Amino acid sequence: MGEPTKTFVITRFDPDKDEVPKTQEYEIPVEADWKVLDAINFIKDEVDPSISHRWSCRMAVCGSCGMMVDGEPKLTCKTALSDYGDRVTVEPLANFPIVRDLVTELEGFMEKFQRVKPWVIRAKEDAGAADSKPPMNDKGTFVQSPAELAEFKQFSMCINCMLCYAACPVVANEAEFLGPAAIALGHRYNLDSRDQGQDERNEIFRDEGTVFSCSFANECSEVCPKNVDPAAAVNQAKFGAVIDWATSLVLPRASAGRRGEQGGK
Amino acid sequence: MKHFLLRIEPVIWLLFGQGLLIGTMLLTGWILVVGLAAPLGLVDAAALSFDRAHALASNIVGRLVLAALIVLPLWKGAHHMRHLSIDFRGADRDVVVAPVLYAVATIGSLLGILAVVRL
């Protein structure tokens, strides 16, 4: 006797049978060094194989195992069980539709990703290696200094775990909000020395439901398991969008991608 | 209205950002000096006499600082309260809330500037 146990209150939802999600409790023996994910895997393997949850790498790289643990978005493979009491509530990520049990629907999010054009945009094809800007090396790739890499590296560490979306009060209220990770991703390319697409992305950033919908709660950066600091990216993107707007007043651009703006100004 | 609010957002956000900066830095120092240091005798109260304060406030730099201190935090407050309202499930009422708050900030700014000019 004396083996420590904990009770897990886990959200259950079967779309074929249930109208609304319900909860189910499992009391299981736990090891001192377990993460929350270990406990859920134990329940799935030993107690109730009908539980559905996503996980893969177990080392905070793949970003699949995000769940609400005691009401907070957490990467369950990185969250020590010892930090929690005898009753631990595990729910699917907030602000996403539930597919089943702890599994959420991420389709809408992938579209948000694409919207910020997360790739290096070049104004035109580079004719030769010599006259491109930044210069190319003899292997045909752009030269980038460590300092230029450091400009955006932090914002490129996102693993798409969606914890920031589950934490964001703006996402909770307007599902169409572009959201922290997608804005950080777009901003990451805006900061890339090889990229020439800032004008296009800043225009997107001035659209409805993008950077200016952010209400500065900073929760995204609080919950980010990779210290991407999306809130900083959003604020920098706001500043970029403001500067872009101001310069567009004095230096009108070729109207290639311009939408919804009357000419003349 | 929604489209208009989106169009003016860069300007509002700039005012908001500057108001935030001034609110946290200058106003804190202001309160520290006038509200704490002076009553505690850390600053000579005579240094803050009306004549001296008036002279400081009514030269051109003083007027500019004073105007910024009045106007920018008003916009910071309006913008912050607008987003607070949205966060409390108020996205639908934003088309009413935002214009009212910005109108208050506009009127306050004009009155503030008027007061500073007439110092």
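Please read all numbers here as calculations on a predicted model, not as lab measurements. (Residues numbered from 1 in each chain as written. Chains lettered and ligands numbered in written order. Predicted model: local features only at pLDDT ≥ 70, side-chain atom pairs only at ≥ 80, totals over all residues.)

Enquirer: Give a detailed account of the pairing of strand 5 (residues 87–91) of chain A, specifying residues and quantitative values.
Expert: A regular strand places its side chains on the two faces of the sheet in alternate fashion. Residues and elements named next belong to chain A. Summarising the sheet, strand 1 (residues 5–12) and strand 5 pair through four bridges and their orientation is parallel. Bridged to V9 within strand 5 is T89. In this structure, strand 3 (residues 66–69) lies alongside strand 5, joined through two bridges in antiparallel fashion. In the strand pairing of strand 5, V69 is matched with V90. (Pairing = 2+ DSSP bridges. Helix = DSSP H or I, 4+ residues; strand = E, 2+ residues; numbered from the N terminus.)

Enquirer: Quick one: what's the story with the domain arrangement of chain A, residue by residue and with numbers?
Expert: All names here are of chain A. You can read the domains of chain A as domain 1 (5–104) and domain 2 (107–250). Between the C-alpha centres of domain 1 and domain 2 there is a distance of 31 Å. The interface is formed by 13 residues belonging to domain 1 together with 12 residues belonging to domain 2. For the side of domain 1 that touches domain 2, the class distribution of residues is eight nonpolar, three polar and two charged. (Domains from an automatic or database assignment. Contact = placed C-beta atoms within 7 Å. Nonpolar A, V, L, I, M, F, W, Y, C, P; charged D, E, K, R; others polar.)

Enquirer: So what's going on with the interface of chain B and chain A? Which residues, and what values?
Expert: With 10 residues of chain B at the interface, the matching set in chain A holds 12 residues. Listing elements by their share of the side of chain B that touches chain A, those giving two or more residues are helix 1 (2–37) and helix 3 (60–90) of chain B. Split into classes, the residues belonging to the side of chain B that touches chain A amount to six nonpolar, one polar and three charged.

Enquirer: Tell me about the environment of T79 of chain A, and please be specific about residues and values.
Expert: Topologically, T79 of chain A is positioned in the loop between strand 4 (72–75) and strand 5. In this view, T79 of chain A contacts K35, V36, V69 and K74 of chain A; residues no more than four positions away in its chain are not counted.

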